Amino acid sequence: MKILILATGGTISHDVGDDGVHRSNEKATKGDVFARLLERQAKALGGVQISSKTILNKDSGNMIMRDWEVISAAIAADYDAYDAFLVTHGTETMGYATSAMAFALGNLGKLVVFTGAQVAFGQVGSDALINLENALRFIVKGDAKQGVYLVFGSQIAAGVRAKKNSEFDYDAFYAPRHLPNLGIVGHSLKENKQAEDFYASHFRPSVWGVPKLDLKNKFESNIVVLSEFPGLHADVIINMAKSGVKGFILRSYGSGVPNVGPADAEFENLRPALEFLRARKIPVVITSQAANATANMDIYEPSFLARELGAIPARDMTIEATVAKLAWLLGCGHDYEEIAKLMPESLRGEIDAKI
């Protein structure tokens, strides 16, 4: 089995100076030290060949959507030469990157696994090596054969469901309650085979002809995520739309209840903004500020009115998956009506089919 490690930066590749500040290392794979450790791990796993490349060297907080294009293009370039890919990445935006890879790498017939670290490699208490080893164990010994995953600490997560939960814990990522993590790593792998098979089914190559990776990796970054608050004025959204924003994500209350009243309502609400966006065919996706909520726009009157005005429910997608998906659909060139249809559909397992 041939595995390619693609290093992109992040804490796993940091050096810590005498002043205690983490800084990117010029060689994100740590050169000979990493090579020796990976050689040892390859022998332990039984004849696995591991290669590595540094394609980016950035703190993940500095990552932009063009970097997702770089990562996905690197996977596509070596797709036929390797059996699986392990991407080392910073934790702050890893959930965005894993979601982006899931959408960009269509017809994916191999494993793409992300990992990183909470403590820099070589520092006391570093989790870098164990996370690398656990990710490699999952690739080589696990049941999953295709799809984008995140392996971090003891957790195995679907790429489109991963969300950072802590800047302190070694188990830094979790998935929403609707689709819990796919397994755990301890002295052995314990995988939720049913959930894993369901997730992997969204990536299985077509049975028609020879499986071929379908790379669509353009992302429209000119989108806005807004958290609604009591008093958010419609003009704020309208002025942003006039400036050229291509799409909006509104983090509203509870089950996705925006402040939208009837046309004759006397109180200030967001109706003028939604009417403006609908007229100009600018998509607006409604999600929730509540951590485990589902954006259901069929219960409360404001949500029902917003949906009539073209608002699109995100259902139970994470904010990371919602951002990556909207940016990807716009980047693929889908029009307003197509986006309204595709956003609430589960394309890569990002939405619970039962909801």
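Structure: above.
None of the values given here were measured: they were computed from a predicted structure. (Residues numbered from 1 in each chain as written. Predicted model: local features only at pLDDT ≥ 70, side-chain atom pairs only at ≥ 80, totals over all residues. Heavy atoms only, no water.)

A. The packing of aromatic side chains, seen in detail. Tallied over the entire structure, the rule returns six aromatic pairs. Measuring from ring centre to ring centre gives 5.2 Å for Tyr149 and Tyr199, while their planes differ by 85 degrees; the resulting arrangement is edge-to-face. Of the two residues, Tyr149 is situated in strand S8 (residues 147-152) and Tyr199 in helix H5 (residues 193-200); the sequence distance between them amounts to 50 residues. For Tyr149, a relative accessible area of 0% gives the class buried. Through a chain of ring-to-ring contacts, the aromatic side chains of Phe138, Tyr149, Tyr199 and Phe203 assemble into a single cluster. Sitting above the plane of the Tyr82 ring, Lys2 keeps its charged end 5.4 Å from the centroid. Over the aromatic face of Phe276 sits the side chain of Arg280, whose NZ or CZ is 3.6 Å from the ring centroid. (Phe/Tyr/Trp six-rings, centres within 6.5 Å; stacked < 30°, edge-to-face > 60°. Helix = DSSP H or I, 4+ residues; strand = E, 2+ residues; numbered from the N terminus. Buried < 20%, exposed > 50% of the residue type's maximum accessible area, 1.4 Å probe, protein only. Lys NZ or Arg CZ within 6 Å of the ring centre and 35° of its normal.)

B. Representation of helix H7 (residues 271-279) within the structure. Taken together, the buried positions of H7 are occupied by Arg271, Ala273, Leu274, Phe276 and Leu277. Once H7 finishes, Lys281 follows within two positions and takes phi at roughly 55 degrees, a positive value.

C. Region of the structure containing the pairing of strand S1 (residues 2-7). The buried fraction of S1 is high, at five of six residues. The sheet contact formed by S1 and strand S4 (residues 49-54) spans six bridges and is parallel. Following the sheet pairing, Ile5 is matched in S4 by Ser52. Two strands pair when backbone bridges link them, and S1 and strand S5 (residues 84-88) are joined in this way by five bridges, in the parallel orientation. For Leu6, the partnering residue across the bridge sits in S5 and is Val87. (Pairing = 2+ DSSP bridges.)

D. Spatial organisation of the environment of Tyr336. Position of Tyr336 relative to the elements: it lies in helix H10 (residues 336-342). When the C-alpha atoms of Tyr336 and Ile282 are compared, they prove to be 6.7 Å apart, with 54 residues separating the residues in sequence. Apart from the residues within four sequence positions on either side, Tyr336 is in contact with Arg278, Lys281, Ile282, Pro283 and Gly310. (Contact = heavy atoms within 4.5 Å.)

E. Up close: the sheet that holds strand S13 (residues 189-191). Pairing within the open sheet is mixed, and its eight strands lie in the order S4-S1-S5-S7-S8-S9-S12-S13. With partners counted over all chains shown, the strands left at the sheet margins are S4 and S13, one partner each. Averaged over neighbouring strand pairs, the angle between their axes works out to 25 degrees when direction is ignored. Looking at chain direction, S8 and strand S9 (residues 155-158) are connected through four bridges and run antiparallel. Bridge pairing in S9 links Val151 to Ile156. The sheet contacts of H5 involve S8, S9 and S13, and relative to S8 the element is tilted by about 135 degrees. (Axes fitted to C-alpha atoms, helices over the stretch in contact; angles between N-to-C directions.)

F. View of the pairing of S8. Counting buried positions along S8 gives six out of six residues, so the element sits mostly inside the fold. On S8, burial covers both faces: Gly147, Tyr149 and Val151 on one face and Val148, Leu150 and Phe152 on the other are all buried. One ladder, built from four bridges, connects strand S7 (residues 111-115) with S8; its direction is parallel. Bridged to Leu111 within S8 is Gly147. The turn joining S8 and S9, which pair antiparallel and follow one another in sequence, is formed by two residues; a positive phi near 60 degrees is taken by Gly153.

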